[in-house]
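The primary structure of each chain is shown beneath.
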Amino acid sequence: MSWTHYLQPGKRLKELGILSINKRNGDYILPSNQRKYYPLVDDKLLTKQLAQQHNIAVPDLYAVIDTEHQIKQLNNLLGEHQDFVIKPSHGSGGEGILIISGRRRNKFRKVNGVLLDLNDIGYHISNILSGMYSLGGQPDKALIEYRVNFDPIFEQISYQGVPDIRTIVYRGIPVLSMLRLPTRLSDGKANLHQGAIGVGIQLDTGKTLAGVYNEEIFQDHPDTGHDIKGLEIPGWTTILSLCAQCKDLTCMDYIGVDIVLDAELGPLMLEINARPGLSIQVANQLGLNKLLEHVKKIKSIPASCQERVALGIETYTACV
């Protein structure tokens, strides 16, 4: 049965083991994630602070702007940083993220080569503060942070931006992962809604599978032409352990954890999502239903992240 036609009603969805949005919300998110804990993941600044308290590595924070007045001090806040990322603290879907890859005199270069001046960046930050990109349109804060220098293993299969790894974690157990690769269409951002590629990952080996791009299955990157299948992600069990650990800082049982691999710093936790999307199933050509049901039946979940990772791998191998 073709996974390129996964959006089909009732019986076929069940045969493929696909988790629907309604089932995800009703059976997993609502029972697993108490509303009082949502601010821990919806506010990226708070998530970053919590991660640091739990010794989870995150990209360095250069500055926080939460008033229009601070924009006048932007030049001093940026200092000598040659590259950086500006993002809304309450943003969603990758909206509002500005990536600066270099500077030339008084100009700032985006990853696509477009040059901006200080006024352009200030205008973008003003839009962030107004709530243009935030959940519910509420006033927001702008975070200026370290721009990840991605691991060279991804150099031939990423277009300009930084790839990340999304893992679904249920009851502290990682159950399914995918690699998200930036494309020309996504403007160098690793967000599937903006046109990035979702590439399945074998949870037991850390090797990449085929990818999904615009709801079509791809074996190679549409912009670079290089194979995306068969890549072995370094430090895979460490990455899974990092994802499992994120359950402890959020107090949530159903989350999506985004990890980036920095060439010098290794795995860094980028953010946590309390409502992770379902495209990960298409990228892996594997439904989440069976995996989650398997984990739901486990009577006692160990405290050790390493043991939880082992349970995740055991669950994955039993369900593929």
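Structure's up top.
Residues numbered from 1 in each chain as written. Predicted model: local features only at pLDDT ≥ 70, side-chain atom pairs only at ≥ 80, totals over all residues. Heavy atoms only, no water.

S.K.: Help me understand the overall build of the protein in this model?
M.R.: Across its full length, the protein carries 11 helices and 13 strands. Computed over its C-alpha atoms, the radius of gyration of the protein comes to 19 Å, within 12% of the 20 Å expected for a compact globule of 320 residues. Its C-alpha atoms give the protein principal-axis dimensions of about 55 × 45 × 35 Å. By residue count, 53% of the 320 residues in the protein fall in the buried class. A separation of at least 24 residues holds for 62% of the contacts in the protein among residues at least 6 apart in sequence. (Helix = DSSP H or I, 4+ residues; strand = E, 2+ residues; numbered from the N terminus. Rg over C-alpha atoms; globule rule 2.2 N^0.38 Å. Buried < 20%, exposed > 50% of the residue type's maximum accessible area, 1.4 Å probe, protein only. Contact = heavy atoms within 4.5 Å.)

S.K.: I'm lost on the environment of Pro152 in this one. Help?
M.R.: If you trace the backbone, Pro152 turns up in the loop between strand S6 (142-145) and strand S7 (164-170). Remark: the alpha-carbon pair of Pro152 and Gly200, spanning 48 residues in sequence, is separated by 19 Å.

S.K.: Just checking my understanding: could you explain the pattern of salt bridges for this structure?
M.R.: A side chain of one charge can pair with a side chain of the opposite charge when the charged atoms of the two come close. Evaluated as defined, the whole model comprises 13 salt bridges. Within this structure, Asp164, Arg166, Arg180 and Asp258 form a network of salt bridges that share partners. (Salt bridge = Lys/Arg side-chain N within 4 Å of Asp/Glu carboxyl O.)

S.K.: Just to check I follow, could you spell out helix H10 (residues 288-296) for this structure?
M.R.: Residues three or four positions apart in an α-helix share a direction because the helix packs 3.6 residues into each turn. Those residues of H10 not exposed but buried are Leu288, Asn289, Leu291, Leu292 and Val295. Down the axis of H10, the sector holding all buried residues measures 165°, keeping them to one side. Contacts made by the buried residues of H10 are with helix H2 (21-32), S7, strand S8 (173-181), strand S12 (254-262), helix H9 (280-284) and helix H11 (305-319). (Arc of directions from axis to C-beta.)

S.K.: So what exactly am I meant to see when it comes to the packing of aromatic side chains here?
M.R.: To describe a pair of aromatic rings, you give the distance between the ring centres and the angle between the ring planes. By the definition in use, this model includes 4 aromatic pairs. With 5.2 Å between their ring centres and 90° between their planes, Tyr28 and Tyr170 make a pair best called edge-to-face. Of the two residues, Tyr28 is situated in helix H2 and Tyr170 in strand S7; the sequence distance between them amounts to 142 residues. Comparing Tyr28 with Tyr170, the two get one shared label, buried. Grouping aromatic residues by their ring pairs yields a cluster made of Tyr28, Tyr170 and Tyr254. (Phe/Tyr/Trp six-rings, centres within 6.5 Å; stacked < 30°, edge-to-face > 60°.)

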